[in-house]
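Listed here are the chains, written in short residue letters.
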Amino acid sequence: MLTGLHIAVIGGDARQLEVIRKLIELDAKLSLIGFDQLDHGFTGASKEQMDEVDFSTVDSIVIPVSGTNLQGQVETIFSNEKILLTEDILKKTPEHCVVYSGISNSYLDSIVSSTNRKLVKLFERDDVAIYNAIPTVEGTIMMVIQHTDITIHNANIAVLGLGRVGMTVARTFAALSAKVRVGARRTEHIARIFDMGLTPFHLSELKNNVTDIDVCINTIPHPILSANVISKMPAHTLIIDLASKPGGTDFRYAEKRGIKALLAPGLPGIVAPKTAGQIIANVLSQLLGESLEDRKGNE
Ligand code: NAP
């Protein structure tokens, strides 16, 4: 239970509603900032303006997966107000206050470090990344179905990268009876791909492994699908780039060549916001519970 914990939830999208639900269930005291246009009220949580919150009693601040932008603005789909998380706000919080975000940037890193507060980046955790790979792959399947005129069954699919997303992508498309080959650079990844019953290739051989593919799914956040590689693909190839912006594809060249290449960020929040929210809510509530226990132990 999170009884006695005061949490400021600042902004977000549909995923944050799952977080709010879970935190209320666990009896936390919530201040919701950036939710003024949300019709739904939450019993046990109050919608407040930033300047109405008494930050001196806030134990934790939860901001959306995207964190802040480089000017400190926090995205919210439930308000038209401009919401800023600033150094001054963090200074008002107690020393033990922890900020929870999905990812960070130089702005967020700098205000957290100048105020000596702790920042937890949920999306850097393996468990979150692995759970999130599940809705990501479901979204990828949806996109492949939407943008091809062939079945996944028997299609030649190249997956690039065997990280947390690549592993789930490769396994799931193979389970749908696609002919999956996976490109990686580490020998242990090559061995794992072989172990999974899929066809491995080293990324140094990438251009020789795309000459007969129907779909290429990239998970590598590095410019891997260069003009040189794309030029070897059949004209009907569909590229789905899952890597974080700007992706790993030379989109300009793909377009010039008439190859459909789609950057597909944020699929969990698009195809399964409820599940994606529950993934965050479960991990977050566990971490908040642990930090509460730690504090009680130190008192
Ligand atoms: P990950 O576990 O770190 O895996 C990244 C993979 O890329 C690893 O196989 C890594 O290989 C490889 N890689 C990285 N840099 C490389 C380079 N320079 N050359 C060759 N290979 C390289 O990351 P993840 O959790 O799978 O996420 C992959 C990407 O998808 C990230 O950009 C993430 O933000 C994004 N993502 C997107 C969505 C979406 O909805 N589109 C959802 C979740 C995640 P090594 O192990 O050899 O380094």
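Residues numbered from 1 in each chain as written. Predicted model: local features only at pLDDT ≥ 70, side-chain atom pairs only at ≥ 80, totals over all residues. Heavy atoms only, no water.

(A) Examining the side chain of T115 more closely. Assignment of secondary structure puts T115 in the loop between α3 (106-114) and β6 (118-121). Classification of T115 by relative accessible area gives buried; the value is 8%. (Helix = DSSP H or I, 4+ residues; strand = E, 2+ residues; numbered from the N terminus. Buried < 20%, exposed > 50% of the residue type's maximum accessible area, 1.4 Å probe, protein only.)

(B) Examining the site of the ligand more closely. Neighbouring residues of the ligand: 22 residues in total, closest V165, R185, R186, A264 and L267. H222 places a polar side-chain atom, nitrogen or oxygen, 3.5 Å from a nitrogen atom of the ligand. Contact between the ligand and L267: an oxygen atom at 2.7 Å from a main-chain N or O atom of the residue. For the ligand, whose accessible area on its own is 920 Å², the fraction buried by protein is 76%. Those elements that place two or more of their residues in the shell around the ligand are α5 (164-175) and α9 (267-271). (Near = heavy atom within 4 Å. Polar contact = N/O pair within 3.5 Å; in protein donor to acceptor, adjacent residues only side chain to side chain. Areas by Shrake-Rupley, 256 points an atom, 1.4 Å probe, with all protein chains shown as cover.)

(C) Structural context of the sheet that holds strand β5 (residues 98-101). Reading across from one edge, β3-β2-β1-β4-β5-β6 is the order of the six strands in this open sheet, with parallel pairing throughout. Looking at strand neighbours, the two that pair on one side only are β3 (45-48) and β6, the edges of this open sheet. Geometrically, the sheet is characterised by an average inter-axis angle of 20 degrees between neighbouring strands, direction not taken into account. Where strand β2 (residues 29-33) lies against β3, four bridges are found, and the strand directions are parallel. Opposite L30, over in β3, you have A45 as the bridge partner. This element, helix α10 (residues 273-298), spans β1 (6-10), β4 (60-62), β5 and β6 of the sheet and lies at about 170 degrees to β5. (Pairing = 2+ DSSP bridges. Axes fitted to C-alpha atoms, helices over the stretch in contact; angles between N-to-C directions. Contact = heavy atoms within 4.5 Å.)

(D) Focus on the pattern of salt bridges. The full count for this structure, using the stated rule, is ten salt bridges. For E18, the salt bridge is made with K274, and the minimal N-O distance between the two is 3.4 Å. Residue E18 is located in helix α1 (residues 14-25), and its partner K274 is located in helix α10; the two are separated by 256 residues in the primary sequence. Among the salt bridges present, the one from R192 reaches D195, with a minimum N-O distance of 2.8 Å. (Salt bridge = Lys/Arg side-chain N within 4 Å of Asp/Glu carboxyl O.)

(E) Region of interest: the pairing of strand β8 (residues 179-184). Summarising burial for β8: five of the six residues are buried, a large majority. Where strand β7 (residues 156-160) and β8 come together, five bridges link them in parallel fashion. Bridging across to β8, I157 finds its partner in V180. Note that the unit made of β7, α5 and β8 has a crossover that is right-handed. By the bridge criterion, four bridges tie β8 to strand β9 (residues 199-202) in an arrangement that is parallel. In the sheet register, V182 faces β9, and the bridge partner there is P200. Handedness of the β8-helix α6 (residues 187-195)-β9 crossover: right-handed. (Right-handed = clockwise from strand over helix to strand, strands pointing away.)

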